[in-house]
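So you can see what is in the structure, the chains are spelled out below.
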Amino acid sequence: MGILQARILECVAMPSSRGSSQPRDQTQVSCIAGRFFTSEPPRKPKNTEVGSLLLLQGNFLTQESNWVLLYCRWILYQLSYQGSPKNKDPANQKCGGRKKTVSFSSMPSEKKISSASDCITFMQAGCELKKVRPNSRIYNRFFTLDTDLQALRWEPSKKDLEKAKLDISAIKEIRLGKNTETFRNNGLADQICEDCAFSILHGENYESLDLVANSADVANIWVSGLRYLVSRSKQPLDFMEGNQNTPRFMWLKTVFEAADIDGNGIMLEDTSVELIKQLNPTLKESKIRLKFKEIQKSKEKLTTRVTEEEFCEAFCELCTRPEVYFLLVQISKNKEYLDANDLMLFLEAEQGVTHITEDMCLDIIRRYELSEEGRQKGFLAIDGFTQYLLSSECNIFDPEQSKVAQDMTQPLSHYYINASHNTYLIEDQFRGPADINGYVRALKMGCRSIELDVNDGSDNEPILCNRNNMTTHLSFRSVIEVINKFAFVASEYPLILCLGNHCSLPQQKVMVQQMKKVFGSKLYTEAPLLSESYLPSPEKLKRMIIVKGKKLPSDTDVLEGEVTDEDEEAEMSRRMSVDYNGEQKQILLCRELSDLVSICKSVQYRDFELSMKSQNYWEICSFSETEASRIANEYPEDFVNYNKKFLSRIYPSAMRIDSSNLNPQDFWNCGCQIVAMNFQTPGPMMDLHTGWFLQNGGCGYVLRPSIMRDEVSYFSANTKGIVPGVSPLVLHIKIISGQNFPKPKGACAKGDVIDPYVCIEIHGIPADCSEQRTKTVQQNSDNPIFDETFEFQVNLPELAMIRFVVLDDDYIGDEFIGQYTIPFECLQPGYRHVPLRSFVGDIMEHVTLFVHIAITNRSGGGKPQKRSLSVRMGKKVRECTMLRNIGLKNIDDIFKVAVHPLREAIDMRENMQNAIVSVKELCGLPPIASLKQCLLTLSSRLITSDNTPSVSLVMKDNFPYLEPLGAIPDMQKKMLAAYDLGQGDLLKNAKNEAIENMKQIQLACLTCGLSKAPSSGAEVKSKRSLEAIEEKESCEDNGKL
């Protein structure tokens, strides 16, 4: 009785779940009690101590306040409701009016899943699952695993108790997700979460028991536990008995013994905390101490010394990420470690790594496995696997894009250029001081276009300053010396100096002398060639400094002359003035400064018709944000065509006196190369700019999409659908979990616990722009589990970006936690960690998102029920790329003959893709799976009980077919038939027809004179191109088999 009373008092004084160290006040406890009083009324008490508890309640009424009574009633409810199936299900507990799923945080009342035995224990306790029937009905049933691990049972059921069960020995396969006919054909499938669904295939006919858990965590526990039991059906209970002898526990014992200097088998809590922090630096000391207190309290220990067993238990619970454990068990075929073969298959089939060898896998194991035994025997346990997934090798950013990977020999106008606006300012535009660090920061960030607004200074020395704040200025000489020092630190490609000249003639000459002296041979002053039609390439201009500015006419010998003023902000102000009469302000320009301007001569934009006729390729126009937005909306196609040949520079509106940033994507969509940004102002727009220029080695030049460079291509910046000539892709993103989220810096709330959620933003052309968000995970900043999948159709992948944003749903003052922005072309498929950046753009140490990325064509996307074969076959309307008439009748008539063969080729390709999707469905895999994963899944069903294959791989006409070696079940026959149809016959026919159609188009062009008469070299090149097409088709359609 005394123990129970002490426990009640202890519970009442328990710290709040929001991390505060203060006891709960009366309001808090009343709220807690209120939540439970709104629950279902208790059933008949099943505990013998209820009577004593009622007496205890009466004593409290005379001695304590009412809030203690409320808490006692809650305990009475818990005791009286023991044994109820609903009470055993953690997913049915309520918290704050929201449905609470199984959580894996380190709060004292919650236990993490860190081994197979934890999964089995959970399953034996049982929980409520939804049972899905083929007739679209869904039933709530309570599922449990027998204590002898031989059968799965559910209740209530109309069947006899012995029939409402499924023997573990009858289970053939466990599928995660909605990957059976029952799910695909269920009318309520849209309302079922993909990550919460799983199916148990059993019996010789592969009947399915289709279930839905209340959370993805619970589904993962059942899938992992059942797979473990099925794989070890011949040796039950071994995992339970040998849990302390796993490689992981043996390694932890070695670590403990090495730190136990006295050899007594115990150590001080401080020593244990420090040891765990050494093994996992991301853990907070308070969290480790809380875990030790929880373990010791459960054992009713009074001492604070830690035993070896307690140390191992604390480490496993604190350092095991459940989502990584489930992944490891899945790819290791239900072992608790990976060998070299497991790792090789994972890297090839899931991570998209090519040319992987066993030696490379063993090298990864040697570098990341923490135990000496694992390194010697060649296996990777959970801790080493976690370290590997967190390493740079599993970063979401493609390492190929960490170096210059694009063609740098195209004209300068074919690249987006990293550009800064008013680089010398580090605060607002109106009174912000000039600072030399503005140039250092921009150049270190790979900026290739910087601005210098030069004014007359004292002692005949030009200066840079904000003319609204003349108190702080920089000498022109010191600025160009810093530019010369840092110009090519981040990139070797050309640097453009946008010169805003407001100096008198004498000081202009001083500027010229200083630039020639400091920059020397780096200054590019070669006169443009009239015989050329395009600007030189970045490769040709390597380590060159290009001056952009006004230039005197070259056909006169005057030493000075008048040109229009380069003061853009002042010009905008004059235009907005009521007194503006259309005339521009004139300034004097000396010949010496004019001669420094070569291929970036500033001219004023008039209209596209005049520019296309009279503008020279070395002339550049600057547009204000307002003017460029108007042109982009009114003449999107013309803007794109204009930018194929000429450089365009966009600068922020003069109204942005706070140095806020425009959206660069709006102007990149039009092909504008130089979009100037205020580097001193962080935020979403600067995130897009910084993320975009991470690609191509961060060199500051990004090649524009071919559809925006080719002379004969057609593209509109306002495209709201499929882009002609570009195959749309479907991006599948699964947000799995987060790690070590900090509290928002500007938050005013007390405590460190947050309620995070993740937003996924797609930026690109209007048709691609989209945003979705995950659920909110309550009170978990260390390892919140999201487990949500999203799909986005991307019509122009070359111009798309993905921005991950983590926010706090329970914020006061500030909600921003972190973000990461990445170009679509830089995504790596598979399981990846996303390193989050702070608001100012700095990488936050150990703060990551764990995601899964897959990219498919449109046949693999869409809603699940619309991927079924019957629906696809019945769909008559197909989106096809059409040929656009150009208005010349002879040419339009010639190309009409190409419409039919092109449509036939598209139909054949879609039939082949649909057949391959059918193979994936029959294998129980999602459309994002590769054919290699299909065969790996299929192989387990085609191996007989005596480990001999029931089919063999044969090659017919260089295409792979699977032939049965004897009698096989109907289900396997169905899968083999789908495979042969999709991978063999259709693939072969699609390739042959596509090649033939392309040859016909090429020959038609040659016949009608649309192509020059080929020389011998051109014939060889043409032949090679067709061979390349044939080889590429073969590789892609074979799925790298």
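Residues numbered from 1 in each chain as written. Predicted model: local features only at pLDDT ≥ 70, side-chain atom pairs only at ≥ 80, totals over all residues. Heavy atoms only, no water.

As recorded in an unreviewed UniProt entry, the protein chain goes by the name Phosphoinositide phospholipase C, listed as coming from Bos indicus x Bos taurus. Under the heading Catalytic activity (unreviewed entry), UniProt records this for the protein chain: "a 1,2-diacyl-sn-glycero-3-phospho-(1D-myo-inositol-4,5-bisphosphate) + H2O = 1D-myo-inositol 1,4,5-trisphosphate + a 1,2-diacyl-sn-glycerol + H(+)". On record in UniProt, under Subcellular location (unreviewed entry), the comment for the protein chain is "Cytoplasm". (UniProt positions renumbered as here; feature names shortened; annotations may be inferred.)

Chemist: Outline the packing of helix α14 (residues 322–331) against helix α18 (residues 382–390), listing residues and values.
Modeler: Packed helix pairs are characterised by how far apart their axes lie and by the angle those axes make with each other. One can describe the packing of α14 onto α18 by two numbers: an axis separation of 10 Å at closest approach and a directional angle of 105°. Regarding the angle of α14 to α18, the classification is roughly perpendicular. Contacts between α14 and α18 involve V324, Y325, L327, L328 and I331 on the former and, on the latter, I382, F385, T386 and L389. Here the contact of α14 with α18 is built from residues that sort into 8 nonpolar, 1 polar and no charged. (Axes fitted to C-alpha atoms, helices over the stretch in contact; angles between N-to-C directions. Helix = DSSP H or I, 4+ residues; strand = E, 2+ residues; numbered from the N terminus. Parallel < 35°, antiparallel > 145°, perpendicular 65-115°, else oblique. Contact = heavy atoms within 4.5 Å. Nonpolar A, V, L, I, M, F, W, Y, C, P; charged D, E, K, R; others polar.)

Chemist: Any details on the sheet that holds strand β3 (residues 127–132)? Residues and values, ideally.
Modeler: On the basis of which strands lie adjacent, the open sheet formed by 7 strands has the order β6-β5-β4-β3-β9-β8-β7 and antiparallel pairing. Each having just a single partner strand, β6 (165–167) and β7 (171–176) make up the two edges of the open sheet. Across the sheet, the mean angle from the axis of one strand to that of its neighbour is 30°, orientation sign disregarded. Here 6 bridges tie strand β8 (residues 197–202) to strand β9 (residues 207–212), and the two strands are oriented antiparallel to one another. Bridge pairing links S199 to D210 in β9. Packed onto the sheet, helix α8 (residues 216–231) meets β3, β4 (138–145), β5 (151–155), β7 and β8 and runs at close to 155° relative to β7. (Pairing = 2+ DSSP bridges.)

Chemist: Tell me what's going on with the environment of S298, and back it up with residues and numbers.
Modeler: Take S298: it is sitting in helix α12 (residues 285–298). Reaching out from S298, the side chain makes a polar contact with the backbone oxygen of I295 at a distance of 2.6 Å. (Polar contact = N/O pair within 3.5 Å; in protein donor to acceptor, adjacent residues only side chain to side chain.)

Chemist: Requested: an account of the nonpolar core, with residues and values cited.
Modeler: Nonpolar side chains in soluble globular proteins tend to end up buried together. Counting 78 residues, the largest nonpolar core has I450, L452, L464, I483, M515, F519 and L593 as its most contacted members. Composition of this core by domain shows at least three residues from each of domain 3 (406–575 + 584–708) and domain 4 (729–857). With sequence-adjacent residues up to four places away left out, F519 is seen in contact with I480, I483, N484, L497 and I545. By size, the runner-up hydrophobic cluster in this structure holds 58 residues, among which are L229, F326, L338 and F850. (Core = buried A, V, L, I, M, F, W, Y, C linked by side-chain atoms within 4.5 Å. Buried < 20%, exposed > 50% of the residue type's maximum accessible area, 1.4 Å probe, protein only. Domains from an automatic or database assignment.)

Chemist: Just give me the short version of the state of the cysteines, but keep the residues and values in it.
Modeler: Within this structure, the stated rule accounts for 0 disulfides. C312 forms no disulfide, and the closest cysteine sulfur to it belongs to C316, at a distance of 6.5 Å. Between C498, a free cysteine, and C600, which holds the nearest cysteine sulfur, the sulfur-to-sulfur gap is 7.6 Å. Exposure remark for C498: the relative accessible area of 5% places this residue in the buried category. (Disulfide = S-S within 2.5 Å.)

Chemist: Break down the pairing of strand β18 (residues 495–502) for me, citing the residues and quoting the values.
Modeler: Where a strand is regular, its side chains alternate between the two sheet faces. Counting buried positions along β18 gives 8 out of 8 residues, so the element sits mostly inside the fold. The two faces of β18 match: L495, L497, L499 and N501 on one face and I496, C498, G500 and H502 on the other face are all buried. Bridge analysis of strand β15 (residues 449–455) against β18 gives 7 bridges, and the strand direction is parallel. Bridging across to β18, N455 finds its partner in H502. Pairing analysis gives 4 bridges linking β18 to strand β19 (residues 545–549), with the strands arranged parallel. Bridge pairing in β19 places L495 opposite I545. Read from β18 through helix α21 (residues 505–519) to β19, the crossover connection turns out right-handed. (Right-handed = clockwise from strand over helix to strand, strands pointing away.)

Chemist: So what's going on with the environment of C498? Which residues, and what values?
Modeler: Here C498 lies in strand β18. Placed 104 residues apart in sequence, C498 and S602 show a C-alpha to C-alpha distance of 9.4 Å. When neighbours within four sequence positions are excluded, C498 is seen to be in contact with S449, I450, E451, L452, K548 and R649.

Chemist: I'd like to hear about the side chain of K734, residue by residue, with values.
Modeler: Residue position: K734 is located in strand β27 (residues 729–739). In terms of polar contacts, K734 uses its side chain to reach the side chain of D195, at 3.4 Å.

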